[in-house]
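# Reading the structure
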6 protein chains.
Amino acid sequence: MTMTATGTTTATTEAALRQERFDRGMETLTRVDGEGGQRVVEALADINPELAHQVVAWGFGDVYSRPELAPRDRQLVTLGMLTALGGCEPQLEVHLNAALNVGLTPVEITEALLHAAVYCGFPKALNATFVAKKVFAERGLLPVTPA
Amino acid sequence: MTMTATGTTTATTEAALRQERFDRGMETLTRVDGEGGQRVVEALADINPELAHQVVAWGFGDVYSRPELAPRDRQLVTLGMLTALGGCEPQLEVHLNAALNVGLTPVEITEALLHAAVYCGFPKALNATFVAKKVFAERGLLPVTPA
Amino acid sequence: MTMTATGTTTATTEAALRQERFDRGMETLTRVDGEGGQRVVEALADINPELAHQVVAWGFGDVYSRPELAPRDRQLVTLGMLTALGGCEPQLEVHLNAALNVGLTPVEITEALLHAAVYCGFPKALNATFVAKKVFAERGLLPVTPA
Amino acid sequence: MTMTATGTTTATTEAALRQERFDRGMETLTRVDGEGGQRVVEALADINPELAHQVVAWGFGDVYSRPELAPRDRQLVTLGMLTALGGCEPQLEVHLNAALNVGLTPVEITEALLHAAVYCGFPKALNATFVAKKVFAERGLLPVTPA
Amino acid sequence: MTMTATGTTTATTEAALRQERFDRGMETLTRVDGEGGQRVVEALADINPELAHQVVAWGFGDVYSRPELAPRDRQLVTLGMLTALGGCEPQLEVHLNAALNVGLTPVEITEALLHAAVYCGFPKALNATFVAKKVFAERGLLPVTPA
Amino acid sequence: MTMTATGTTTATTEAALRQERFDRGMETLTRVDGEGGQRVVEALADINPELAHQVVAWGFGDVYSRPELAPRDRQLVTLGMLTALGGCEPQLEVHLNAALNVGLTPVEITEALLHAAVYCGFPKALNATFVAKKVFAERGLLPVTPA
């Protein structure tokens, strides 16, 4: 490893690590979010490529890739957050697909959104549910039938 | 009334009561929200029927039907909440119709949204006002003229 | 009235009108919010006196004083907004007092907060309710007994 | 079962069912939230007993008791929602205890709050984390050490 | 200046001052927001003309016109607020144009939105960034290239 | 630089870079936020050290340290966001100190909070202003006198 006299890694090394964090994030992003995640990254290329880099390298490479919380559990937390925040329908669409990708069942997801009504109220629970309807329809998962 | 030895009502009774709460809620929902409310319930049938049931049975049957607060007053509180929450334009559309249905005048409604600017800021007040413009236009209530 | 050649009112007139709007607002503020409102204005004197001026002159003088919506109705909208916004406990305290001052009953207020649970979820309804408990206790209004 | 001629259950039956839903909710509430939940119910007795009833009978009896989503999963969704909503520190305190009660580990919980930073930003993640610090300290769970 | 015996300015004077505040605000609004701001005012004419008046006379005439904070600085604060509030895409569109009009560069704006991710999380930063993409595309400012 | 056959940097290099990003962030954090920022990091040590690391290494090392937006401008955006989010009084306290540290004047800050009333409403503007009052009092900056 090339180090300067002061122990600082070179710019070359830093760039390599930056790319590695991005690559690791992209792998996680693609596995979890599928094409939806990649489309977001591509859509940012001409307006805010650094934001795209950070979504991937930090959000997915540094945080999401950590083993301390299972991917399925991360999606449950994320569904809760996006429903509560409101106005995040595009992100909900990506993450409802992600939730299905990592093993949550349609019944668990719709039950999570019913549960959300208790804490966030009906309007936000309804908004999230209508995004789920769109996603589930695209994947041929309607009607959702109780277990 | 059939009771088990331990005083628990039977599942049959429970189902009957569940239906009654729903029926009472549906009556209130239809009277207040009109077709808008029914469309929401129908739209939920294939994705989250239990959420639809709870909106009707709990939201309208258990809470909204209570006489402690007049329907007109409930809509004033609701307009305030939906404006403040943000991102609830579909629910605002239903409840602006409801507000008119229970006797609020167009002038009172638009004044409530001006009042909302003081507490929520202009952006949320404007968002709600443009939903009102759509609802009032559909009902032939434009222009709104001061009292 | 002294006008410049271009029809602009003088600075003196503008200052007089600014003061009048403030005075009208202060009268409304005091009638509605009582001491709570005045304390807010005083507390702002050394940090942001212009914000204090605008709360009074604009919020109360220009908006709240308008006859298009009754004071009682304004408080219903306001309770809805402050409950939904969250984190506005100091303002809720002032406005729960205001709500009582303009004629809302304790039962109507607590019912409005139950109603809020349907739209904002339990956590925000509970936060607002515990502020009401403090205000009602101070005014000797506990326990609240159903009509 | 005593039914009126029109098929309506009697008020007695309705009251019994209302109590049953409450009892079922209280059982779930106590198992999940422990004393924290009960204290909330008691604190509401003089200000809004109907809100307390609905938190228990609806929130816990009707929704939380449903088997469609595991208790551990419900807490993950709830931690996400309460962190995102902001200003819900009292509820977070109850539900962080609940999260531990239903089997989430301290590492999973703190990782969920790190994950929350990606979606809600650092300020809300920090606010929730400092509530966790209080709860974990009370239960002798500090320091949290990585798996 | 015509004053009544009690020192109250006449209604005529009040109306003149009200118009002046509006005119001053309209000048600021047009300079900062351009056509976008005027379109909002026009769109309100039949539904809530008083809200339009207050946006202009108070928001722009009384507050925005004050010299205590530079127009460029006001837009930075505003971009932060609108991104954080969420659901304010129409207002963001107006104010992203305003930000460019008062001298913020595309790089500064996109960096502000990356900065927003740290405090508001990625979903809200992404929502704001996609509005910026629309505005910048309309003004021929894509791709945004680092300084 | 030691690379594995597959081009992956070694764990040693990765750890060194991770530490460098942290060090760079800590330098920025200390310069901008002063002791307030460091206290937050220390308070997280036993509950969520990885969150502390990411606040510093990512928030300050990767994002805040970028030259594309001046420190003063970042604080204006941040004040807007924290005021709009609500419930972030601890973070506002840190960042109001930061705002003063990077050259914003007390008048500019209080004007920014008046400006915030237009977009977020009075309650959130007041909450932020009372945090400013606390910070300014500690630094001997009261009363704030207009320029």
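The rules behind these values
Residues numbered from 1 in each chain as written. Chains lettered and ligands numbered in written order. Predicted model: local features only at pLDDT ≥ 70, side-chain atom pairs only at ≥ 80, totals over all residues. Heavy atoms only, no water. Helix = DSSP H or I, 4+ residues; strand = E, 2+ residues; numbered from the N terminus. Buried < 20%, exposed > 50% of the residue type's maximum accessible area, 1.4 Å probe, protein only. Contact = heavy atoms within 4.5 Å. Areas by Shrake-Rupley, 256 points an atom, 1.4 Å probe, with all protein chains shown as cover. Lys, Arg positive; Asp, Glu negative; His and termini not counted. Charge placed at Lys NZ, Arg CZ, Asp CG, Glu CD. Core = buried A, V, L, I, M, F, W, Y, C linked by side-chain atoms within 4.5 Å. Buried area = accessible area lost by both parts, 1.4 Å probe. Salt bridge = Lys/Arg side-chain N within 4 Å of Asp/Glu carboxyl O. Polar contact = N/O pair within 3.5 Å; in protein donor to acceptor, adjacent residues only side chain to side chain. Nonpolar A, V, L, I, M, F, W, Y, C, P; charged D, E, K, R; others polar. Least-squares fit on C-alpha atoms with pLDDT ≥ 70 in both. Axes fitted to C-alpha atoms, helices over the stretch in contact; angles between N-to-C directions. Parallel < 35°, antiparallel > 145°, perpendicular 65-115°, else oblique. Expected span 1.5 Å × (residues − 1). Phe/Tyr/Trp six-rings, centres within 6.5 Å; stacked < 30°, edge-to-face > 60°. Lys NZ or Arg CZ within 6 Å of the ring centre and 35° of its normal.

## Focus: the overall build of chain A
Of the regular secondary structure elements, chain A holds seven helices and zero strands. Each helix and strand of chain A, ordered N terminal to C terminal, gives the series α-α-α-α-α-α-α. Each principal axis of the C-alpha atoms in chain A carries an extent, and together these give about 65 × 35 × 25 Å. The buried share of chain A, reckoned over its 147 residues, is 62%. By sequence separation, contacts in chain A at least 24 residues apart represent 66% of the contacts at least 6 residues apart. Carbon and sulfur atoms provide 58% of the accessible area of chain A, an area that totals close to 5100 Å². Across chain A, the centroid of the 12 positively charged side chains sits 4 Å from that of the 17 negatively charged ones.

## Re the nonpolar core
Judged by nonpolar contacts, the single largest core of 291 residues is most densely connected at A:Phe122, B:Phe122, C:Phe122, D:Phe122, E:Phe122 and F:Phe122. Not counting residues within four places of it along the chain, the set of residues in contact with B:Phe122 comprises B:Ala117, C:Trp58, E:Leu51, E:Gln54, E:Val55, E:Trp58, E:Gly59, F:Val118 and F:Tyr119.

## Topic: the interface of chain C and chain B
Contacts between chain C and chain B engage 33 residues on the former and 33 residues on the latter. Summing the contributions of chain C and of chain B, the shared interface buries around 3000 Å²; its carbon and sulfur component is 73%. In this structure, the connection of chain C to chain B is made through six salt bridges. The closest approach of N and O atoms between C:Arg66 and B:Glu111, which form a salt bridge, is 2.9 Å.

## Digging into the pattern of salt bridges
Under the criterion given, the structure shown has 96 salt bridges over all chains. Ionic pairing is found between A:Arg72 and A:Glu108, a salt bridge with its closest N-O pair at 3.1 Å. Taken together, the positions of A:Arg72 in helix α4 (residues 71-85) and A:Glu108 in helix α6 (residues 106-120) put the pair 36 residues apart, joining distant regions of the chain. When the shortest N-O distance is used, the salt bridge between E:Glu138 and E:Lys134 registers 3.1 Å. Separated by four residues within a single helix, E:Glu138 and E:Lys134 lie in helix α7 (residues 122-138), roughly one turn from each other. A single network of salt bridges, built from pairs that share partners, joins A:Glu14, A:Arg21, A:Arg24, A:Asp62, F:Glu14, F:Arg21, F:Arg24 and F:Asp62.

## Focus: the interface of chain A and chain D
Listed per partner, the contact involves 33 residues of chain A and 33 residues of chain D. Of the roughly 3000 Å² buried at the junction of chain A and chain D (both faces included), carbon and sulfur atoms supply 73%. Inspection of the chain A/chain D interface yields six salt bridges. For D:Arg72, the salt bridge is made with A:Asp73, and the minimal N-O distance between the two is 2.6 Å. Between chain A and chain D we count twelve residue pairs in polar contact (both at pLDDT 80 or more) in total. If you list the elements that add at least two residues to the side of chain A that touches chain D, you get α3 (49-64), α4, α6 and α7 (122-138) of chain A. Of the residues in the side of chain A that touches chain D, the class split is 20 nonpolar, five polar and eight charged.

## Here we look at the environment of D:Thr129
Following the sequence through the fold, D:Thr129 ends up in helix α7 (residues 122-138). The class of D:Thr129 is buried, set by a relative accessible area of 0%. The residues contacting D:Thr129, other than those within four sequence positions of it, are D:Leu113, F:Leu44, F:Ile47, F:Asn48 and F:Leu51.

## Some points on the relation of the copies chain A and chain D
Overlay of chain A on chain D (RMSD 0.0 Å): rotation 180°, translation along the axis 0.0 Å. The two molecules are tied by a two-fold rotation axis, judged by turn and shift. Mapped onto chain D, 100% of the interface residues of chain A are again interface residues, and the two copies thus contact each other with one and the same surface.

## A word on the relation of the copies chain C and chain B
Superposing chain C onto chain B takes a rotation of 180° combined with a translation of 0.0 Å along the rotation axis, leaving an RMSD of 0.0 Å. Interface overlap between copies: 100% of the residues of chain C at the interface are likewise at the interface in chain B, consistent with a symmetric, same-surface contact.

## So, the environment of A:Leu82
Along the chain, A:Leu82 falls in helix α4. The sequence separation of A:Leu82 and A:His95 amounts to 13 residues, and the corresponding C-alpha distance is 8.9 Å. Filtering out sequence-adjacent residues up to four positions away, A:Leu82 remains in contact with A:Cys88, A:Gln91, A:Leu92, A:His95, D:Tyr119 and E:Pro123.

## Structural notes on the side chain of A:Asp73
Position of A:Asp73 relative to the elements: it lies in helix α4. Residues within four places of A:Asp73 in sequence aside, it is in contact with D:Arg72, D:Asp73, D:Leu76 and D:Glu108.

## With respect to the packing of helix α6 (residues 106-120) of chain B against helix α3 (residues 49-64) of chain C
At their nearest, the axes of α6(B) and α3(C) sit 10 Å apart, and the two run at 175° to each other. Taken together, α6(B) and α3(C) sit at an angle that is classed as roughly antiparallel. Facing α6(B), whose interface residues are B:Glu111, B:Leu114, B:His115, B:Ala117, B:Val118 and B:Tyr119, α3(C) presents C:Trp58, C:Gly59, C:Phe60, C:Val63 and C:Tyr64. Considered class by class, the residues forming the contact of α6(B) with α3(C) number eight nonpolar, two polar and one charged.

## Considering helix α4 (residues 71-85) of chain F
All names here are of chain F. Compared with the 21 Å implied by 1.5 Å per residue over 15 residues, the 21 Å span of α4 between its first and last C-alpha is a close match. Across the 15 residues of α4, 13 count as buried, placing the element largely inside the fold. The first or second residue beyond α4 is Gly86, which carries a positive phi of 75°.

## Focus on the packing of aromatic side chains
Counted under the stated rule, the structure contains 21 aromatic pairs over all chains. In this structure an aromatic cluster arises from ring pairing among A:Trp58, D:Phe122, E:Phe122 and F:Trp58. Positioned over the ring face of B:Tyr64 is B:Arg74, at 5.4 Å from the centre of the ring.

It is worth stressing that arrangement in space is one thing and function is another; only the former is reported here.
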